[in-house]
Amino acid sequence: MKRTIKKVAVLGSGIMGSRIACHFANIGLEVLLLDIVPREVSADEQAKGVTLQNKDFRNKIVNQALDTAVKSNPSPIYSKKVLTRITTGNFEDNMKEIGDCDWTIEVVVENLEIKKKVYDQVEQHRKPGTLITSNTSGIPIHLMAEGRSEDFQAHFCGTHFFNPPRYLRLLEIIPTSKTQTDVVDFLMHYGDKFLGKTTVLCKDTPAFIANRVGVYSIMSLLHLVEKMELTVEEVDKYTGPALGRPKSATFRTTDIVGLDTMINVSNGLFNNLPDDKSHELFQLPEYIKKMQENKWLGDKTGQGFYKKVKGADGQNEILSLDLKSFEYKPQQKIKSSTLEATKPIENLRDRMKVFAKGTDRAGELFKTSFFGLFEYVSDRIPEISDELYRIDDAMKAGFGWELGPFEVWDALGVMEAVEGMNKYNHEAASWVHEMLDAGHIAFYKVEDGIRMFYDIPSKTYKVIPGYDLIILDNIRTNKTVWKNSGTTITDLGDGILNLEFHTKMNTIGGEVIQGINKAIDLAEKDYRGLVIGNDGVNFSAGANIGMIFMAAVEQDWDEINMAIKMFQSTMMRVRYSSIPVVAAAHNLTLGGGCELCLHADFVQTNAETYMGLVEFGVGLIPGGGGTKEFALRLSDEFKEGQIEQVALRERFLTIGMAKVSTSGVEAHELGYLQKDKYCITMNRSRLIADAKEKAIELAEAGYTKPVQRKDIRVLGKQGLGIVYAGANSMYAGKFISEHDKKISEKLGYVLCGGDLSSPTLVTEQYLLDLEREAFLSLCAERKTLERIQSILTKGKPLRN
């Protein structure tokens, strides 16, 4: 059947329920969020005349939960406006309203009997044929479906979101034997395309995939800590970003999530997996039991593996737990020859080989833990999944690993790792040996730009579903058209080129400027469109301020002027080329990266895009056309009868306060993205493909080269008076420094088109010249150089 989701009911408003409701609202759905009615009225409420029949009282639990969620950090919502899509209520008064919903998701407490009582109510009001799912993280799905109607069972499934649901990309789909195939297919597709998730099909086994493997990995590590007498600092240093894991690594992550949560899942696995070969590993080490007894559960109790205290100087200090003495002590700096050897290596797969060769404690921990993990995941097939790539997908999307276990195994060499495992008393599953004996030396391979995985039942390689996605790593080898030290131009097919940056944090320097111009040259000559995007962590963190700093210290103003003029000219070329240019923005899109998006014909942006003109923070104004572009948009937004100074103030504050969007949606609200010139891609993996389709669409619609603007209305002195008065007022009130006042005046000067005597029409080039002049003058300010130096050296003072 053709299925459309317009309205969703979320039953249960706890930490997960309220945030799942927010995420459904984020994508534009109408949401009904319900929870229980409070049992009794407090004395204070009685004094105010509140009764059990009062509507606000009856919805108190759900409303408080939603309010808490919205105030949490990081925020579960893309914009405060999405809250208008959420209606709250309670199970007793509003359960009947789920009859209008296309999908009902249950997120109540993890208790089978309570869930069954909720389903009794759902059966009474749910419209036949609509989806009914549970967000359980551990209760067997088939047990929840027992005794329900045939239609309920056919449309029932587990949909396990990870916390926080907006940010963690994993959505596990767990059907029962009675779930209709089309329901499973729909949820896999919907979760991917509309919710922005990596949807992973799981079997109905304890803890499903991610928590089964993830908790094994953590528990294995906790036992190794005892065996190897490792410190808290060592473990987090060895298992963090250097290993392609989150910065919070192991113990800091446990503090954030809550030690009790990890203990509950581990106990559940210990009780429910008596035949698991690693059953004993799920038993809690003694030091974990002691932490549980002490209620040292992490952030929720104020201390766990780490504890924040006030130092003698009044500054906050983070102490770490000594696992032998059980005292909190200042953190010790960790030194490791293996870690030092990995520092210059950017490619994570190559870094893994260095870890495997390490002979110190970091190397030993890597081999001991990973060789055990390889054995565990190979033994889990076909128990928890028939396909190995699903395990990798689950670990990357749910636990933030850059590489899944089979991908790490491939990086080390499957045969070499198997030999290493034997030395550490670990044995790969028989199917791994059969694969190697058949001459297949890797779990994954790429053919013609398409990634394939080794399929165990057929003993052949098969295409990973989602091959329609464009993954630059897969096509770069055979489709590279041109490259330099900082960029690569790739042929995406269908007449569209892609330009990707691969500088540190994709910052924009001379090599990137050269790459942008070269890509436009090639596209204008032999292609019909250009995408600027990458598969890296960030779109671009902005211009290379280190280069600007060095030139300013040397007082080489001609070099800075030339560099800024080239940057401006390149941005103008992005706007005024003869082919459509589509920017594929995601994550950090700051400074120069934002300016590039301001000049692109279209921005295909990921929902998680943090965009902003942040130059004010380093003592500058946007100098790559960003200030000019805000003046242009201010002119275009002017309407008869509107007070222009109000609009000027809003644009001024966006730059002056270095506002950064918390989502792609908010990037539009802040004015960085224009109506009808941007579109949001929910799933980051689809971004390049969606940007390519937009470039094709623009080309086939008869794209023509725009004409440079000569009709930009600026306010001149009429606007400057307001800017200067505001800056002086803020300075007099000691809200800003004298240097901030100077930057504000320079910014206002450009936005107002200088000190023209009256509102005037000017050209883009006129504004660019003003912008560049202001930028250069600020580069000469010592306070600006001190700010830049502080960022580059992490707070060290500027030398005379």
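In case you missed it, the structure is sitting above this.
Criteria and thresholds
Residues numbered from 1 in each chain as written. Predicted model: local features only at pLDDT ≥ 70, side-chain atom pairs only at ≥ 80, totals over all residues. Heavy atoms only, no water. Helix = DSSP H or I, 4+ residues; strand = E, 2+ residues; numbered from the N terminus. Rg over C-alpha atoms; globule rule 2.2 N^0.38 Å. Contact = heavy atoms within 4.5 Å. Areas by Shrake-Rupley, 256 points an atom, 1.4 Å probe, with all protein chains shown as cover. 1 Å grid on protein atoms, 1.4 Å probe; cavity = no way out; pocket = protein on both sides within 12 Å on 5 of 7 lines; lining within 4 Å. Points joined across faces, edges and corners; volume = space filled by probe spheres on them. Nonpolar A, V, L, I, M, F, W, Y, C, P; charged D, E, K, R; others polar. Pairing = 2+ DSSP bridges. Axes fitted to C-alpha atoms, helices over the stretch in contact; angles between N-to-C directions. Buried < 20%, exposed > 50% of the residue type's maximum accessible area, 1.4 Å probe, protein only. Polar contact = N/O pair within 3.5 Å; in protein donor to acceptor, adjacent residues only side chain to side chain. Expected span 1.5 Å × (residues − 1). Arc of directions from axis to C-beta. Salt bridge = Lys/Arg side-chain N within 4 Å of Asp/Glu carboxyl O. Phe/Tyr/Trp six-rings, centres within 6.5 Å; stacked < 30°, edge-to-face > 60°. Core = buried A, V, L, I, M, F, W, Y, C linked by side-chain atoms within 4.5 Å. Right-handed = clockwise from strand over helix to strand, strands pointing away. Parallel < 35°, antiparallel > 145°, perpendicular 65-115°, else oblique. Left-handed = near helix turned anticlockwise from the far one by under 90°.

Colleague: Describe the overall build of the chain, and please don't skip the residues or the numbers.
Modeller: Secondary structure summary: the chain contains 34 helices and 23 strands in total. Here the chain has a C-alpha radius of gyration of 29 Å; the compact-globule value for 800 residues is 28 Å, and the two agree. Pairs at least 24 residues apart make up 69% of the contacts formed inside the chain by residues separated by at least 6 positions. Counting only carbon and sulfur atoms, one obtains 51% of the accessible surface of the chain, whose full area is about 35800 Å².

Colleague: Please give an account of empty space enclosed by the protein that cites residues and values.
Modeller: Vacant regions in the atomic arrangement are exposed by a probe of water-molecule size rolled over the atoms. One pass over the structure, following the stated rule, counts 2 cavities of 30 Å³ or more. The space that makes up the second largest cavity amounts to roughly 40 Å³. Contributing to the lining of the second largest cavity are Met-547, Ile-548, Ala-551, Glu-559, Ile-560, Ala-563 and Ile-564. Of all the secondary structure elements, the ones that give two or more residues to the lining of the second largest cavity are α24 (545-553) and α25 (557-575). Ranked by the residues each element gives to the lining of the second largest cavity, the list is headed by α25, at 4 residues.

Colleague: If you had to explain the layout of surface pockets to someone new, which residues and values would you point to?
Modeller: As a volume, the second largest pocket reaches approximately 440 Å³. Together, 22 residues line the second largest pocket, and Lys-193, Phe-194, Ile-680, Thr-681 and Met-682 are the ones closest to its centre. The set of elements that each furnish at least two residues to the lining of the second largest pocket consists of α9 (181-193), α29 (664-669), β21 (678-681) and α30 (687-700). At 3 residues, the largest contribution of residues to the lining of the second largest pocket is made by α30. Along the lines of polarity and charge, the residues of the lining of the second largest pocket split into 11 nonpolar, 3 polar and 8 charged.

Colleague: Help me get a handle on the sheet that holds strand β20 (residues 602-612), residues and values and all.
Modeller: Taken together, the 7 strands give an open sheet; going across it, the order is β15-β16-β17-β18-β19-β20-β21, and neighbouring strands pair in mixed fashion. Strand pairing shows two members of the sheet lacking a second neighbour, β15 (480-483) and β21, which therefore form its edges. Strand after strand, the sheet turns through a mean of 25° between neighbouring axes, direction not considered. Pairing analysis gives 3 bridges linking β15 to strand β16 (residues 487-493), with the strands arranged antiparallel. Considered in β16, the bridge of Thr-480 is made with Thr-490. Across the sheet, helix α22 (residues 472-479) is in contact with β15, β16 and β17 (496-501); its angle to β16 comes to roughly 95°. Across the sheet, α30 touches β16, β17, β18 (529-532), β19 (581-590), β20 and β21, and the angle it forms with β19 is around 150°.

Colleague: Account for the sheet that holds strand β13 (residues 450-455), with residues named and values stated.
Modeller: On the basis of which strands lie adjacent, the open sheet formed by 3 strands has the order β12-β13-β14 and antiparallel pairing. Two strands in the sheet have a free side with no partner beyond their single neighbour: β12 (444-447) and β14 (460-463). On average, each strand axis in the sheet is tilted by 40° relative to the strand beside it, whichever way the strands run. Judged from the 4 bridges that link them, β13 and β14 form a sheet pairing that is antiparallel. Bridge pairing in β14 links Asp-455 to Thr-460.

Colleague: I'd like to hear about the side chain of Ser-661, residue by residue, with values.
Modeller: Take Ser-661: it is sitting in the loop between α28 (644-656) and α29. Ser-661 sits in the buried class, given a relative accessible area of 1%. Of note is the side chain of Ser-661, whose polar atom sits 3.1 Å from the backbone oxygen of Ser-663. When residues no more than four places from it in sequence are discounted, the contact partners of Ser-661 are Thr-609, Tyr-610, Met-611, Glu-666, Ala-667 and Leu-670.

Colleague: Describe helix α1 (residues 15-26), naming the residues involved and giving the relevant values.
Modeller: Helix length check: α1, at 12 residues, gives a terminal C-alpha distance of 17 Å against a target of 16 Å (1.5 Å per residue), a fit within 8%. Listing the buried residues of α1 in full gives Met-16, Gly-17, Ser-18, Arg-19, Ile-20, Ala-21, Cys-22, His-23, Phe-24, Ala-25 and Asn-26. Buried residues in α1 make contact with β1 (7-11), β2 (30-35), α4 (60-71), β3 (86-90), β4 (103-106) and β6 (156-161). One or two residues past the end of α1 sits Gly-28, with phi positive at roughly 100°.

Colleague: Outline α22, listing residues and values.
Modeller: The periodicity of an α-helix, 3.6 residues per turn, causes residues three or four positions apart to be oriented the same way. Residues Leu-472, Asn-474 and Ile-475 constitute the buried set of α22. Angular distribution of buried residues about the axis of α22 spans 150°; they occupy a single face of the element.

Colleague: For the pattern of salt bridges, give the residues involved together with the corresponding values.
Modeller: Applying the stated criterion across every chain, the model contains 53 salt bridges. Across the salt bridge formed by Asp-93 and Arg-58, the nearest N and O atoms sit 2.7 Å from each other. In this pair, Asp-93 is assigned in helix α5 (residues 91-94) and Arg-58 in helix α3 (residues 55-58), connecting sequence segments 35 residues apart. With relative accessibility at 30%, the residue Asp-93 sits in the partly exposed group. Of the charged contacts, one joins Arg-709 and Asp-636 as a salt bridge, the two residues approaching to 2.7 Å between their closest N and O atoms. With Arg-709 in the loop between α30 and β22 (712-714) and Asp-636 in helix α27 (residues 626-637), the pair connects residues that are 73 residues apart, well separated along the chain.

Colleague: So what's going on with the packing of aromatic side chains? Which residues, and what values?
Modeller: Applying the stated rule across the entire model yields 29 aromatic pairs. Centre to centre, the rings of Phe-162 and Phe-399 are 6.4 Å apart; their planes meet at 65°, and the pair counts as edge-to-face. Taken together, the residues span a long stretch of sequence, with Phe-162 in the loop between β6 and β7 (170-175) and Phe-399 in helix α18 (residues 388-399) at a distance of 237 residues. On the accessibility criterion, Phe-399 (22% relative accessible area) is partly exposed. Ring pairing ties together the aromatic residues Phe-355, Phe-366, Phe-370, Phe-371, Phe-374, Phe-406, Trp-409, Tyr-424, Trp-431 and Phe-443, which thus form one cluster.

Colleague: Which residues make up unusual backbone geometry, and what values do they have?
Modeller: For the bond running from Asn-163 to Pro-164, omega is 0°, close enough to zero to count as cis. In this fold, Pro-164 is placed in the loop between β6 and β7. Of note, the amide linkage connecting Ile-381 to Pro-382 takes the cis form, showing an omega dihedral of 10°. Among the secondary structure elements, Pro-382 is positioned in the loop between α17 (361-379) and α18. Even without a glycine there, the phi angle at Ala-207 is positive, about 65°. Mapped onto the secondary structure, Ala-207 falls in the loop between β8 (198-201) and α10 (210-228).

Colleague: Describe the nonpolar core, naming the residues involved and giving the relevant values.
Modeller: The biggest cluster of nonpolar side chains holds 110 residues, and the ones touching the most others in it are Phe-305, Phe-406, Trp-409, Trp-431 and Phe-443. Here this core takes 10 residues from α10, the largest share from any one element. Beyond its immediate stretch of four places on either side in the chain, Phe-443 contacts Leu-388, Phe-406, Trp-409, Asp-410, Val-414, Trp-431, Val-432, Met-435, Met-452, Phe-453, Tyr-454 and Tyr-461. With 72 residues, the next largest nonpolar core counts Ile-579, Val-723, Leu-751 and Leu-767 among its residues.

Colleague: Can you lay out the pairing of β8 for me, pointing to particular residues and giving the numbers?
Modeller: Here 4 bridges tie β7 to β8, and the two strands are oriented parallel to one another. Across the sheet, the residue bridging to Leu-170 is Thr-198, located in β8. Following the backbone out of β7, through α9 and into the adjacent parallel β8, one traces a crossover that is right-handed.

Colleague: Please give an account of the packing of helix α26 (residues 592-599) against α27 that cites residues and values.
Modeller: At a minimum axis separation of 9 Å, α26 and α27 run at an interaxial angle of 40°. With respect to their mutual orientation, α26 and α27 come out oblique. Our pair here, α26 against α27, has a crossing hand that is left-handed. Contacts between α26 and α27 pair Glu-595, Leu-598 and His-599 from the former with Gly-626, Lys-628, Glu-629, Phe-630 and Arg-633 from the latter. Its residues assigned to classes, the contact of α26 with α27 shows 2 nonpolar, 2 polar and 4 charged.

These figures capture arrangement, not role.
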